[in-house]
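# Close look at the chain arrangement
Chain by chain, the residues:
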Amino acid sequence: MIEVIDKDSNQKMMAMILCGICYQDDCYLVYCIRREKEDANLFVSRLIQNSQGYVMDFSFENGEKEVLDRLVQRLLNKESKKNLEEAGFSIMKDISLNGICYFDIQKCYVSTVPKSLIKDCLIYYGLVSEKLFDQPVVEVVEDKRKFNEGFVGNIAFILFGIFLIIFCILVIYEVLSG
């Protein structure tokens, strides 16, 4: 998972990298952002390589985005790797991104698909193993027997506040009655 930021709204979102694509000496990133419980939005961004790895870019040249949209549809249809390679595309598994990942929702959006379809495609192209989805999710539970940090300090401040209020009430009562 990576954190991506929409350039227009500066909204931060978590995205899951599906794969990288190489085509005509350029590299692209296909990723998804969860939309609803069962659906996810697919996006594609250009990758620019620097000395520390890849950085996402959302600028596309003439017709480039349309070619990528058709490619993502071919991936979703589970077209064979051989056919994709004959068309000049190759799939990259491991991509290391560095820096802040900005994207443009309007320019990078491809489509909305069920998460189950994304899972099937990841398994079909060998990007993840099926065992990954069968592993149980580990739940993190807060230990309620321990005090939270600052608990004692908070109680002391509350008691001090109560004491201060009572003291002020007594002083006002003495001034008014005496």
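Being a predicted model, the structure only gives us computed values, none of them experimental. (Residues numbered from 1 in each chain as written. Predicted model: local features only at pLDDT ≥ 70, side-chain atom pairs only at ≥ 80, totals over all residues. Heavy atoms only, no water.)

Right, let's get into the side chain of R46. Note that R46 resides in strand β4 (residues 39–50). Residue classification places R46 among the buried positions, given a relative accessible area of 11%. In this structure, R46 is in contact with D26, C27, Y28, V55, M56, D57, S59, F60, E61 and E64, ignoring residues within four places of it in sequence. (Helix = DSSP H or I, 4+ residues; strand = E, 2+ residues; numbered from the N terminus. Buried < 20%, exposed > 50% of the residue type's maximum accessible area, 1.4 Å probe, protein only. Contact = heavy atoms within 4.5 Å.)

Take the nonpolar core next. By size, the foremost hydrophobic cluster in this structure holds 24 residues, and its most contacted members are L18, I21, V30, L42, L75 and I118. Secondary structure elements with two or more residues in this core: β2 (12–23), β3 (26–34), β4, α1 (64–76), β8 (109–114) and α4 (115–124). The element that contributes the greatest number of residues to this core is α1, accounting for 5 residues. When neighbours within four sequence positions are excluded, L42 is seen to be in contact with L18, Y31, C32, V72, L76, C108, Y109, V110, S111, V113 and I118. Membership of the second largest hydrophobic core comes to 18 residues, among which are F43, L47, F58 and I95. (Core = buried A, V, L, I, M, F, W, Y, C linked by side-chain atoms within 4.5 Å.)

This structure, assessed with the given rule, holds 0 disulfides. C19 carries a free sulfur, and the closest cysteine sulfur to it, the one in C121, is 9.4 Å from it. The thiol sulfur of C27 is not disulfide-bonded, and the nearest other cysteine sulfur, from C22, lies at 3.2 Å. Here C27 falls in the buried class, since its relative accessible area comes to 14%. (Disulfide = S-S within 2.5 Å.)

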